[in-house]
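As a plain string of letters, each chain reads:
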Amino acid sequence: MPFTVRPAVRELAAYVSGETAGDMVQLGFNESAFPPSPMAVEAARQACRDVRRYNDENYSALKRALADHHGLDENRIVCGAGSMDIMRNLAACCLEPGRTLVTGRLSYAFPAVLARAAGAGLRLVEEPSFTHDVDAFIEAVSDCCAILYIASPNNPTGTSVSLDALRRLAEALPDHVLLMIDAAYADYVTAPQAPSPDVLVDEGYNAAVLHTFSKAHGLAGLRTGWAYTGHHVVEAVAKVSLPGILPVPAMAAAIASLADTEHTTRVVEQTRALREWMTARLVELGLDVIPGDGNFLMVGLPQSVAMDAETLYQRVKARGILLRRLANFGLERHLRITIGPPDDMAALDCVLTEVLADV
Ligand SMILES: Cc1ncc(COP(=O)(O)O)c(C=O)c1O
């Protein structure tokens, strides 16, 4: 019999990522607008001296630093090579044919890919107003649901779900469902001192709250993520994780970045200010802006603009700036714009002014 990959993988569409191209302005990947903490860079450099050794499989130093910094129980922390690595491990623990993942139709797409690859069922919750409707999520849960994934702020819409609404969701879920809350962009939320959904784990709900150093900490290229979850999930994930997958320099950078709160606070404040400025400019240019809490904005072309998103994307690209298309979500009149450094935002403002003046 010839070699074939599993049917579930064969039928999987290729993962749609953003376009990359040489020296163009990249506003398609939701990376940080600012460089990481110099302390993090230095710690990574120093740690390179130790790379002949595998990393500590338990990542104890990072777990301790995270627990101290956020006031959490270090035994409930899982670390991985980015939060996508942890999502993959959670999927390996929970998804198989006969089980289902519930997620939003306009949610971050990777969990749906994991469900399909596992041959598991997928239930997509409609999001007509670009926000997660917690009641619709609750209604979508069936006896075979194993994971309910919800991102707050969500990618690509940027909209958030309040902690109260997440608690109501957690309360409504049957015991057999793991509530996976993706808080990748939570640092950028403007609500004053918005409490982290991590508290839901301490309150005893069957939840895993995913975090990343790829966004506000500016360490996307070092791929470091973590989750706060119950002991039973920590134990299961340990069985399927690749030992030491989080590289020594990445872990050292993450620990140093956590300590440099001044830097992260400055990055977050500047990103929020740029987001507000960009929102105002996009509205002035006649675009529909979905009010977003992340380091990006989803914008729509109103019917009065005689251009679809693909045309706008191509015209902006022709002038040296890459945005993110959302056609894979069925959104033909929307694009996603990462909040980049001030110069890139000013360049985008000029380009959009020129392109939209032509229609
Ligand atoms: C909602 C969401 N979760 C997770 C990730 C990936 O995070 P990481 O780099 O930690 O794998 C992204 C990346 O864009 C994202 O948008």
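Analysis parameters
- Residues numbered from 1 in each chain as written.
- Predicted model: local features only at pLDDT ≥ 70, side-chain atom pairs only at ≥ 80, totals over all residues.
- Heavy atoms only, no water.
- Pairing = 2+ DSSP bridges.
- Helix = DSSP H or I, 4+ residues; strand = E, 2+ residues; numbered from the N terminus.
- Axes fitted to C-alpha atoms, helices over the stretch in contact; angles between N-to-C directions.
- Contact = heavy atoms within 4.5 Å.
- Domains from an automatic or database assignment.
- Buried area = accessible area lost by both parts, 1.4 Å probe.
- Salt bridge = Lys/Arg side-chain N within 4 Å of Asp/Glu carboxyl O.
- Expected span 1.5 Å × (residues − 1).
- Buried < 20%, exposed > 50% of the residue type's maximum accessible area, 1.4 Å probe, protein only.
- Phe/Tyr/Trp six-rings, centres within 6.5 Å; stacked < 30°, edge-to-face > 60°.
- Lys NZ or Arg CZ within 6 Å of the ring centre and 35° of its normal.

Asker: For this particular structure, what's the right way to read the sheet that holds strand S7 (residues 207–212)?
Answerer: Each strand in a sheet pairs with another by means of backbone hydrogen bonds, the pair being arranged parallel or else antiparallel. The mixed open sheet is built from seven strands, whose spatial order is S2-S8-S7-S6-S5-S3-S4. Every other strand in the sheet has two partners, leaving strand S2 (77–80) and strand S4 (121–125) as the edge strands with one partner each. Each strand axis lies, on average, 20° off the axis of its neighbour in the sheet, ignoring direction. The sheet contact formed by S2 and strand S8 (residues 225–229) spans four bridges and is antiparallel. In the sheet register, Cys79 faces S8, and the bridge partner there is Trp226. Along the sheet, helix H3 (residues 60–70) contacts S2 and S8; its crossing angle with S2, the most-contacted strand, is approximately 125°.

Asker: Teacher, can you tell me more about the sheet that holds strand S13 (residues 334–338) here?
Answerer: Across the sheet, which stays open at both edges, the four strands sit in the order S9-S10-S13-S12 with antiparallel pairing between neighbours. Strand pairing shows two members of the sheet lacking a second neighbour, strand S9 (288–290) and strand S12 (324–325), which therefore form its edges. Alignment of S12 against S13, held across two bridges, turns out to be antiparallel. Each bridged residue has a counterpart across the sheet, and for Arg325 the counterpart in S13 is Leu335. Along the sheet, helix H11 (residues 261–284) contacts S9, strand S10 (296–300) and S13; its crossing angle with S10, the most-contacted strand, is approximately 10°.

Asker: How should the domain arrangement of the protein be read in this particular structure?
Answerer: What the domain assignment lists for the protein is domain 1 (7–30 + 262–357) and domain 2 (38–260). Centre-to-centre, using C-alpha coordinates, domain 1 lies 24 Å away from domain 2. Contacts between the two partners involve 27 residues from domain 1 and, on the opposite side, 31 residues from domain 2. Buried surface at the junction of domain 1 and domain 2, both sides included, amounts to about 2,400 Å², of which 62% is carbon and sulfur. Together, Tyr15, Asp293 and Phe329 form the three largest contributors to the area buried by domain 1 at its contact with domain 2, with a combined 25%. Counting across the domain 1 and domain 2 interface gives zero salt bridges.

Asker: I tried to follow helix H4 (residues 83–94) on my own but got confused; where do I start?
Answerer: Given 3.6 residues per turn, any residue in an α-helix points the same way as the ones three and four places further on. With 12 residues, H4 should reach 16 Å at 1.5 Å per residue; the first-to-last C-alpha distance of 16 Å fits that figure. Burial within H4 is extensive, with nine of its 12 residues counted as buried. The set of residues buried in H4 consists of Ser83, Met84, Asp85, Ile86, Met87, Asn89, Leu90, Ala91 and Cys94.

Asker: Is there a simple way to think about the packing of aromatic side chains in this case?
Answerer: Inspection of the entire model under this criterion finds one aromatic pair. Judged by centre distance (4.9 Å) and plane angle (70°), the ring pair of Tyr185 and Phe296 falls under edge-to-face. You can see Tyr185 sitting in the loop between strand S6 (178–182) and helix H8 (198–202) and its partner Phe296 sitting in strand S10, a full 111 residues away along the chain. When sorted by exposure, Tyr185 lands in the same class as Phe296, which is buried. The ring centre of Phe296 lies 5.8 Å from the NZ or CZ of Arg336, which sits over that ring.

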